[in-house]
Amino acid sequence: MLTNEVYKPINCDDYDNLELACQKSWLLELVLKNGETLKAKAADMVSRKNVEYLAIDLSGEVRELRLDHIASFSHPELGKVTVSESD
């Protein structure tokens, strides 16, 4: 993925749902905009150089996903959330 791509903040409600998932260490089913699907535990929200990331625990390996690269995520308590850009 391009690292010089301009970051597009996501909708506040979607961000809040990801924060809740981190607080509860939920196992999320994530679909990325490149078509990749992951099942991983939400670990932390990270902001670096004006870009926000979701840190996930993927079978013991920590990986950071740019929030604007996530197409959707789901959990039984949340349902499926399709990520949208902030207005």
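Everything below is about the structure shown above.
To start, this report covers the structure provided alongside it. Predicted model, so just to flag it, every value in this text is computed and none were measured.

## Re the nonpolar core
Residues Leu 18, Leu 28, Leu 30, Leu 54, Leu 67, Ile 70 and Phe 73 are the most contacted members of the largest nonpolar core, which totals 26 residues. Of all the elements in the fold, those that place two or more residues in this core are α1 (12–23), β1 (27–32), β2 (37–48), β3 (51–58) and β5 (70–75). Top contributing element to this core by residue count: β3, with six residues. Apart from residues no more than four positions distant in its own chain, Leu 18 is found in contact with Ile 10, Leu 28, Met 45, Leu 54, Leu 67 and Phe 73.

## Observations concerning α1
Taking 1.5 Å per residue as the helical rise, α1 with its 12 residues ought to reach 16 Å, and the 16 Å between its terminal C-alpha atoms agrees with that figure. Among all positions of α1, only Asp 14, Leu 18, Ala 21 and Cys 22 are buried. The arc that holds every buried residue of α1, seen down its axis, measures 100°, which confines them to one face. Exposed side of α1, more than 90 degrees from the buried face: Cys 12, Asp 13 and Gln 23 are the residues found there. Structurally, α1 contributes buried residues whose contacts are with β1, β2, β3, β5 and β6 (79–82).

## What about unusual backbone geometry?
Excluding glycine, residues mostly have negative phi values, and the peptide bonds linking residues are mostly trans. Backbone geometry places Lys 49, a non-glycine residue, at a positive phi of 55°. Examined against the element boundaries, Lys 49 turns out to sit in the loop between β2 and β3.

## Side note on the environment of Asp 44
Within the fold, Asp 44 resides in strand β2. Looking at Asp 44, the relative accessible area reads 42%, which means it is partly exposed. For Asp 44 and Ser 25, which are 19 residues apart along the polypeptide, the C-alpha to C-alpha distance reads 8.8 Å. Leaving out residues up to four positions away in the same chain, Asp 44 has contacts with Cys 22, Tyr 53, Leu 54 and Ala 55.

About the criteria used
- Residues numbered from 1 in each chain as written.
- Predicted model: local features only at pLDDT ≥ 70, side-chain atom pairs only at ≥ 80, totals over all residues.
- Heavy atoms only, no water.
- Core = buried A, V, L, I, M, F, W, Y, C linked by side-chain atoms within 4.5 Å.
- Buried < 20%, exposed > 50% of the residue type's maximum accessible area, 1.4 Å probe, protein only.
- Helix = DSSP H or I, 4+ residues; strand = E, 2+ residues; numbered from the N terminus.
- Contact = heavy atoms within 4.5 Å.
- Expected span 1.5 Å × (residues − 1).
- Arc of directions from axis to C-beta.

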